[in-house]
Amino acid sequence: MIELVTRPHRSNLLRWAAKRSEVLVLGADLTASCEADGFRDQFPERFFSFGMAEQNMLGFAAGLAREGFFPYIHTFSVFITRRPFDQLAMSIAYPNLPVRLIGFLPGLTTPGGVTHQAIDDIALMRALPNMTVLEAGDATEVESMLDAAQAIEGPVYVRQLRGEVPRLFPSEQPLRFGRARLLGSGTDLAVISAGICTEEALSAVAALRSRGVATSHLHVSTLKPFDDPRLLEQIANARYGAITIENHSIIGGLGSALAEQLAEQGIGRRLIRLGLRDTYAHGASKPYLMREYGLDARALVHAAETLIDASLGIDDAVLAEHAAAVRGAAQRETLAKADKTEDL
Amino acid sequence: MNAQRPQPDPQAISAELSALTVQSVAAGIRRRVLEHTLRNNGGYLSQACSAAEILATLFLRVMQLGPSTAPLIPRPFAGVPSQNNPAALTGAGYNGPRAPDLDRFIFSPVHYALVLYALLIELGRLGPDALERFNTDGSTVELIGAEHSPGHEVTAGSLGQALSQAGGIALARRLRGESGRVWVFMSDGEFQEGQTWEAFAALAHHHIGNLGVYIDANAQQCDGAMADVMTIEPLADRLRAFGAEVHEVDGHDAEALAKPALARENTVIRERHDTAGQQDPTPAAIDRPLVVIARTDTCRGIDLLRERAPKLHYLRFKSPNEQDAYEDLLEHWQDLAS
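About the cut-offs
Residues numbered from 1 in each chain as written. Chains lettered and ligands numbered in written order. Predicted model: local features only at pLDDT ≥ 70, side-chain atom pairs only at ≥ 80, totals over all residues. UniProt positions renumbered as here; feature names shortened; annotations may be inferred. Helix = DSSP H or I, 4+ residues; strand = E, 2+ residues; numbered from the N terminus. Buried ≥ 20, exposed ≤ 12 C-beta atoms within 10 Å, placed from the backbone. Domains from an automatic or database assignment. Contact = placed C-beta atoms within 7 Å. Nonpolar A, V, L, I, M, F, W, Y, C, P; charged D, E, K, R; others polar. Pairing = 2+ DSSP bridges. Axes fitted to C-alpha atoms, helices over the stretch in contact; angles between N-to-C directions. pLDDT = per-residue confidence, 0-100. Core = buried A, V, L, I, M, F, W, Y, C linked by C-beta atoms within 7 Å. Parallel < 35°, antiparallel > 145°, perpendicular 65-115°, else oblique. Left-handed = near helix turned anticlockwise from the far one by under 90°.

The name an unreviewed UniProt entry assigns to chain B is Transketolase, from the organism Halochromatium salexigens. In its Sequence similarities (unreviewed entry) section, the UniProt record describing chain B reads: "Belongs to the transketolase family." Quoted verbatim from the Cofactor (unreviewed entry) field of the UniProt record, the comment on chain B reads "thiamine diphosphate".

Chain A has the name Transketolase in an unreviewed UniProt entry, where Halochromatium salexigens is given as its organism. The record held by UniProt for chain A lists under Cofactor (unreviewed entry) the comment "thiamine diphosphate". As stated in UniProt under Sequence similarities (unreviewed entry), the record for chain A gives "Belongs to the transketolase family."

As structure tokens, then:
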């Protein structure tokens, strides 16, 4: 059974930034909501509040970065990538400044509805020259992000997770920049997952394998640059094709990045992209939304059946069994409660 | 690089520079921009008319800058900044070296780039032929300046973004305990952008007093008179309400322009003196941004321009007759100067 970690970013930021006097945290009225309150309370001289004014905050961050500081912006992803897009592009990305944009509530991880759900952030950030894009898929990756971001010369956008976060990968195996995690190999299908969809993919892939479908599974946490050759190798070896599953629009994210690579490298495999199909979502619980919009294990199994053109007889009960192997009932209850009570 | 000319004698230059006055530099700016506008059948002439004294005063009377560290002949464009391009450069060196006690100049309305280049030439920070490279392919002397352009430090062409960046620089300098200040030149049109007001709120909230803003309040913008497009008045009252120390002056009067900054400097020194050795818990009056609203005339020094009002943003000659009139003006100007 996997471990559930409470607020991994909060404690990691405190520990990691303690001795780095050049690291500053900038907040926009979502400090506790982005787990930066511990840092604010412990290092008030290195925390700067900018209120609900993201365009200006990004400009200040650019100025601080030009002077040798490392500003870590903490706010929701939508308020980093949509509202101040021009400021991000011109004040930060163009001059290739080391501003770290720690964005919370990616995709459907919030019941806050359409205004709070970042479903196009990867697409927007991938389109910016000089920008690096990282996404956390579990507690270990949440804890890896600060080291990973700090090692990069230019601006970095991090799709970060908060609250109760499962640990899918051993804590001694942190995120490796530019490298996907190979979670299993197989020559029938290749599943490529990112972010919170990886947990769904784990149970779906287990169910597929139980039906004799040899499935490879890779987890992606570096979305830009996007050049790990193992992704294409696994897909080239998968006779029925590949499925991507991501907590984002299918336009401009993981599925798009992979489709571009497949076409450029001339790899003729079918690709089904799971994610939000060119639609906005609305406010509801994460499990409900993931089912409603087809980002869950069931959607992945259906996609697999489409590719191999056969019914596998995997119903919700079968998937529940496999999901239980990943996460227990008590954890599900804790998570459901946390989802309802988190700060917005 | 091969085009590098022999450098003139530095002593001769400094003697020549010390003789410069705001008036003579401002007249030189107008003449150079007019000459350039004629040569190119187009230019941002009204910006030269309105801003000439402000920029000349900043460089001659207000800012503490070291000598230029950049070449007289502007370098060619060295590529956009990126991890793979260590050659990328900024034009900040024309405003002198970075040093803890020296000031920094942040140029916000980069549509005034031609005016800044003309100023740098008048000051001997840029070679007299630099404008030949203006708006030519592969040059850093761009039409709308970016951070690689002479005298520019940030990329501010999307207007209203430079003040926030300057605020970050000023905050960083305060964190490091530097005594040098940050001066921002802005246009009044930028006060239509919401970000400008976000920035003033943040400057006041964080008590950023090592930053000053000079505004060319020429009341003109691309579509015409600001009062018709979107009024920003009462600008001084609005800025005071946002926590700034505000002065409204005649933007063509060098004494009036310099006075608020010099007074602030004296206040800083006095306050430091008064509180030496003791902690003052209340923020000093100087712990807020200084703003000088320079009320200016977009046709100052070139009355011919008044015939174009209220569309003065960019001058392109409509007829040979009009061009001739401006040619005459330039010839007359040169007669006067010689």
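Let's pick the thread back up.
It is worth spelling out the overall build of chain B at this point. Helices and strands together make up the secondary structure of chain B, namely 10 helices and 7 strands. Burial analysis of chain B (338 residues in total) assigns 48% to the buried set.

Our next topic: the domain arrangement of chain A. Residue and element names in this part refer to chain A. Split by domain assignment, chain A resolves into domain 1 (3-167) and domain 2 (181-341). Taking only C-alpha atoms, the centre of domain 1 and the centre of domain 2 are 26 Å apart. Listed as interface residues are 27 residues of domain 1 and, on the opposing side, 35 residues of domain 2. Counting residues per element, the ones that place at least two in the side of domain 1 that touches domain 2 are α6 (121-126), β6 (132-135) and β8 (164-167). Among the elements that line the side of domain 1 that touches domain 2, the one with the most residues is β6, at 4 residues. Its residues assigned to classes, the side of domain 1 that touches domain 2 comprises 13 nonpolar, 8 polar and 6 charged.

Time to look at the interface of chain A and chain B. Counting from both sides, the interface comprises 25 residues of chain A and, opposite them, 23 residues of chain B. Sorting the residues of the side of chain A that touches chain B by element identifies α3 (54-66) and α5 (85-93) of chain A as the ones contributing at least two each. Residues that form the side of chain A that touches chain B fall into these classes: 12 nonpolar, 9 polar and 4 charged.

Turning our eyes to something else, we now look at the UniProt feature "domain: Transketolase N-terminal" (unreviewed entry) in chain B. The feature "domain: Transketolase N-terminal" (unreviewed entry), as given by UniProt, occupies residues 97-259 of chain B in the numbering adopted here. Structurally, residues 97-259 of chain B comprises 33% helix and 17% strand, and the distance from its first C-alpha atom to its last is 25 Å.

Moving on, we come to the sheet that holds strand β12 (residues 222-224) of chain A. Sheets are built from strands paired through backbone hydrogen bonds, the pairs being either parallel or antiparallel. Residue and element names in this part refer to chain A. The mixed open sheet is built from 7 strands, whose spatial order is β3-β2-β4-β5-β7-β6-β12. Looking along the sheet, the strands with just one partner apiece sit at the ends: β3 (47-49) and β12. Ignoring strand direction, the axes of neighbouring strands in this sheet form an average angle of 20°.

Cis geometry is found at the peptide bond from Lys224 of chain A to Pro225 of chain A, where omega equals 0°. With respect to the helices and strands, Pro225 of chain A occurs in the loop between β12 and α9 (229-236). Cis rather than trans, the peptide bond between Glu233 of chain B and Pro234 of chain B has omega equal to 5°. As for its placement among the helices and strands, Pro234 of chain B is situated in the loop between α7 (226-229) and α8 (235-241). Phi is positive for Asn41 of chain B, close to 50°, though the residue is something other than glycine. In this fold, Asn41 of chain B is placed in the loop between α2 (22-40) and α3 (45-62).

Further remarks concern the confidence of the model for chain B. It should be kept in mind that the predicted coordinates are not to be read in detail where pLDDT is low. Residues and elements named next belong to chain B. The predicted model of chain B averages 91 in pLDDT, with 88% of residues at 70 or higher. This model gives residues 1-6 a pLDDT under 50, and the stretch forms 2 contacts once residues within four places in sequence are excluded. Per the prediction output, this complex has pTM 0.93; the corresponding ipTM is 0.94.

A word on the UniProt feature "domain: Transketolase-like pyrimidine-binding" (unreviewed entry) in chain A. Look at the UniProt record and you will see "domain: Transketolase-like pyrimidine-binding" (unreviewed entry) annotated at residues 4-167 of chain A. As annotated, residues 4-167 of chain A comprises 37% helix and 21% strand, and the C-alpha atoms at either end are separated by 6 Å.

By size, the foremost hydrophobic cluster in this structure holds 194 residues, and its most contacted members are Ala61 and Leu300 of chain A together with Leu55, Val115, Tyr117, Leu119 and Val184 of chain B. Among the elements that line this core, the one with the most residues is α3 of chain B, at 12 residues. Apart from the residues lying within four places of it in its own chain, the contact partners of Val115 of chain B are Ile29, Val33, Tyr44, Gln47, Ala48, Ala51 and Leu55 of chain B.

Moving on, we come to the packing of helix α1 (residues 8-17) of chain A against helix α7 (residues 139-150) of chain A. All names here are of chain A. Contact geometry for α1 and α7: axes closest at 9 Å, N-to-C directions at 30°. As the angle between them shows, α1 and α7 are arranged roughly parallel. At the point where α1 passes α7, the crossing takes the right-handed sense. Two secondary-structure elements touch here, α1 through Pro8, His9, Asn12, Leu13 and Trp16 and α7 through Ala139, Val142, Glu143 and Leu146. When the residues that make up the contact of α1 with α7 are grouped by side-chain class, the tally is 6 nonpolar, 2 polar and 1 charged.

Attention now moves to the packing of helix α5 (residues 162-175) of chain B against helix α6 (residues 194-205) of chain B. All names here are of chain B. Relative to each other, α5 and α6 sit at 20°, their axes nearing to 8 Å. By the angle between their directions, the pair α5 and α6 is classed as roughly parallel. Crossing hand, α5 versus α6: left-handed. The residues of α6 that touch α5, namely those facing Leu163, Ser164 and Gly167, are Gln195, Thr196, Ala199, Ala202 and Leu203.

What follows deals with the environment of Thr296 of chain B. Residues and elements named next belong to chain B. Residue position: Thr296 is located in the loop between β7 (290-295) and α10 (320-337). Expressed as a C-alpha distance, the spacing of Thr296 and Val249, which sit 47 residues apart in the sequence, is 9.0 Å. In this structure Thr296 touches Ser50, Ala51, Asp216, Ala217, Asn218, Gly251 and His252, once residues within four positions along its chain are discounted.

Turning our attention to the pairing of strand β4 (residues 70-76) of chain A. All names here are of chain A. Counting buried residues in β4 gives 6 out of 7 residues, a clear majority hidden from the surface. Two elements, strand β2 (residues 23-27) and β4, share 5 bridges in a ladder whose sense is parallel. Bridged to Val23 within β4 is Phe70.

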